[in-house]
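A look at the structure
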Amino acid sequence: MSHRPLPPPPLRIGDLVVDPPILQAPMAGFTNAAFREVVRQFGGAGLLATEMVNARGFVWMDQNEAEHPDRLWGVAEEARPLAVQIWDNDPETMAKVGVRLAREYKVSVVDINFGCPVRQVTEKAHSGSYLLREPDRMFAIISRLVEVCAPTPVTAKIRLGCSPESINANEVAHVVEEAGAAALTVHGRTAKDMFRGHADWERISEIKQHLKKIPLIGNGDLDSADKVVAAFKNYDVDGVMIARACLGRPWLFAQAAAALRGDEIPPDPTLVQQRDVMLRHYRLVVDRFGEEKGTVLMRKYACCYAQGKHGARHFRSHVANVASAEEFYSVVDQYFPQDRPAVIA
Ligand SMILES: Cc1cc2nc3c(=O)[nH]c(=O)nc-3n(C[C@H](O)[C@H](O)[C@H](O)COP(=O)(O)O)c2cc1C
């Protein structure tokens with residue numbers, strides 16, 4: 001443990017300055033443009049990321065003059081900095097998409113997914129975390145992307161290895177750096193762990209010794225401002241990334257940023273304010289996807305906003321079935337957790 005001074009300096013990813021060095025993680029099915037807008041509203045995240053985008057699907061759509069993937073919704077227009085994450089195992093396919101993202105979409109960062117543990121990506125497509133067992137292929141993918149995307153930085157996101165028996169993050173980190181990536185993010189679990197157990201921050205920290213030029217971003221289980229502070233104090237990382245905990249608490253980044261500066265941590269918004277954040281999120285989703293699809297999509301976000309609150313279970317059971325705006329608003333009115341009146345003894 002290094003006990004480094006706070007606040008940490010801004011993170012540099014190529015020419016991009018990420019300040020504060022707190023990143024919003026890519027999450028498939030969640031971190032779309034509506035969610036990112038809500039995160040931006042609160043501030044505190046130095047770099048936002050899209051959901052992972054399948055490079056092969058993108059190329060196919062291009063060749064067939066179909067619309068670009070839904071997952072690129074907002075990417076061309078929205079505020080920067082923004083990272084777009086892509087996945088596949090073929091360097092040329094990745095390069096075709098990378099160059100479009102860098103030149104046409106003008107994204108701030110092209111991130112490569114080497115961490116996804118889902119069967120459809122690993123076993124079926126030999127991509128995501130599957131590639132951790134093929135460092136040579138990782139090198140080929142990264143170096144090709146770096147070549148075509150320059151000067152847009154290319155980054156990699158990995159897990160510690162494929163399984164607890166085959167942890168190879170130190171070796172992989174070296175490969176990532178040598179291939180020319182501008183940063184490495186590590187989720188401190190193996191693919192086989194999925195989300196079980198705890199993220200191993202000691203191992204994440206150890207990777208730093210294997211990197212000479214590029215920053216290390218640690219990821220896993222950060223769900224409070226205090227934990228973000230502790231991560232910077234105790235472990236050798238240049239940045240941190242937050243995933244699950246920000247889904248229903250997009251204000252977490254602002255709280256963590258304040259804590260890093262040594263400022264007082266802003267309190268959570270009141271439940272009424274949280275409900276209003278959720279309703280704004282809902283309007284953004286419906287504007288894009290229409291009432292029917294947007295309402296169905298919103299069910300899972302709504303559950304995240306209620307999570308951990310008194311009455312969440314009741315709200316969840318009702319919101320899980322809403323199919324129209326009217327139903328959604330009615331369920332929110334009746335069941336979204338409310339500030340409980342003080343009990344007078
Ligand atoms: C629903 C969900 C979707 C995810 N999708 C992605 C993804 O598209 N790309 C990626 O690199 N990681 C993805 N992850 C992993 C997260 O980015 C992160 O590495 C992991 O959740 C650990 O961080 P946390 O403990 O802060 O949640 C996903 C995680 C969740 C829960």
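Residues numbered from 1 in each chain as written. Predicted model: local features only at pLDDT ≥ 70, side-chain atom pairs only at ≥ 80, totals over all residues.

Going by what an unreviewed UniProt entry lists, the chain is known as tRNA-dihydrouridine synthase and is assigned to Crateriforma conspicua. In UniProt, the chain has this text filed under Function (unreviewed entry): "Catalyzes the synthesis of 5,6-dihydrouridine (D), a modified base found in the D-loop of most tRNAs, via the reduction of the C5-C6 double bond in target uridines." According to UniProt, the comment filed for the chain under the heading Sequence similarities (unreviewed entry) is "Belongs to the dus family." (UniProt positions renumbered as here; feature names shortened; annotations may be inferred.)

Consecutive side chains of a regular strand alternate in pointing toward one face of the sheet and then the other. Burial analysis of strand E4 (residues 48-54) places 6 of its 7 residues in the buried class, the great majority of the element. Judged from the 5 bridges that link them, E4 and strand E5 (residues 82-87) form a sheet pairing that is parallel. Looking at the pairing, Asn 54 lines up with Trp 87 of E5. Taken together, E4, helix H2 (residues 55-63) and E5 form a β-α-β motif whose crossover is right-handed. (Buried ≥ 20, exposed ≤ 12 C-beta atoms within 10 Å, placed from the backbone. Helix = DSSP H or I, 4+ residues; strand = E, 2+ residues; numbered from the N terminus. Pairing = 2+ DSSP bridges. Right-handed = clockwise from strand over helix to strand, strands pointing away.)

Domain annotation of the chain identifies domain 1 (11-261) and domain 2 (271-335). Computed over C-alpha atoms only, the centres of domain 1 and domain 2 are separated by 28 Å. Counting residues at the interface gives 7 residues for domain 1 and 9 residues for domain 2. Classifying every residue of the side of domain 1 that touches domain 2 by side-chain character gives 5 nonpolar, 1 polar and 1 charged. (Domains from an automatic or database assignment. Contact = placed C-beta atoms within 7 Å. Nonpolar A, V, L, I, M, F, W, Y, C, P; charged D, E, K, R; others polar.)

Another point: the site of the ligand. If you check the shell around the ligand, you find 22 residues, and the closest are Ala 25, Ala 28, Met 52, Ala 243 and Arg 244. Considered class by class, the residues forming the shell around the ligand number 11 nonpolar, 7 polar and 4 charged. (Near = placed C-beta within 6 Å.)

Quick look at the UniProt feature "domain: DUS-like FMN-binding" (unreviewed entry) in the chain now. The UniProt record marks residues 24-333 with the feature "domain: DUS-like FMN-binding" (unreviewed entry), using the residue numbering of this structure. With 45% helix and 13% strand, residues 24-333 has its two end C-alpha atoms placed 30 Å apart.

Turning our attention to the UniProt feature "binding site: FMN" (unreviewed entry) in the chain. Within this structure's numbering, the places UniProt gives as "binding site: FMN" (unreviewed entry) are Pro 26, Met 27, Ala 28, Gln 85, Lys 157, His 187, Ala 243 and Arg 244. Relative to the assigned elements, Pro 26 resides in the loop between strand E3 (22-24) and helix H1 (33-42). If we ignore the near neighbours within four places in the chain, the residues touching Pro 26 are Thr 31, Ala 49, Thr 50, Glu 51, Met 52, Gln 85 and Asp 111. Note that Lys 157 resides in strand E7 (residues 154-159). Lys 157 has contacts with Asp 111, Asn 113, Phe 114, Gly 115 and Thr 185, leaving out every residue within four places of it along the chain.

Moving on, we come to unusual backbone geometry. Of note, the amide linkage connecting Leu 6 to Pro 7 takes the cis form, showing an omega dihedral of -10°. Considering the arrangement of structural elements, one finds Pro 7 in the segment before strand E1 (11-13). Residue Pro 151 follows Ala 150 across a cis peptide bond; omega there is 5°. In this fold, Pro 151 is placed in the loop between helix H5 (135-149) and E7. Residues other than glycine seldom take positive phi values, yet Glu 65 does so here, at roughly 50°. With respect to the element layout, Glu 65 can be found in the loop between H2 and E5. Owing to 6 C-beta atoms within 10 Å, Glu 65 belongs among the exposed residues under this scheme.

Attention now moves to the packing of H5 against helix H6 (residues 169-178). Look at H5 against H6: their axes get within 9 Å of each other, and the N-to-C directions meet at 25°. One finds that H5 runs roughly parallel with respect to H6. Along this stretch, H5 crosses H6, giving a crossing that reads as right-handed. Within the contact between the two elements, H5 uses Pro 135, Met 138, Phe 139 and Ile 142 and H6 uses Glu 171, Val 172, Val 175, Val 176 and Glu 178. (Axes fitted to C-alpha atoms, helices over the stretch in contact; angles between N-to-C directions. Parallel < 35°, antiparallel > 145°, perpendicular 65-115°, else oblique. Left-handed = near helix turned anticlockwise from the far one by under 90°.)

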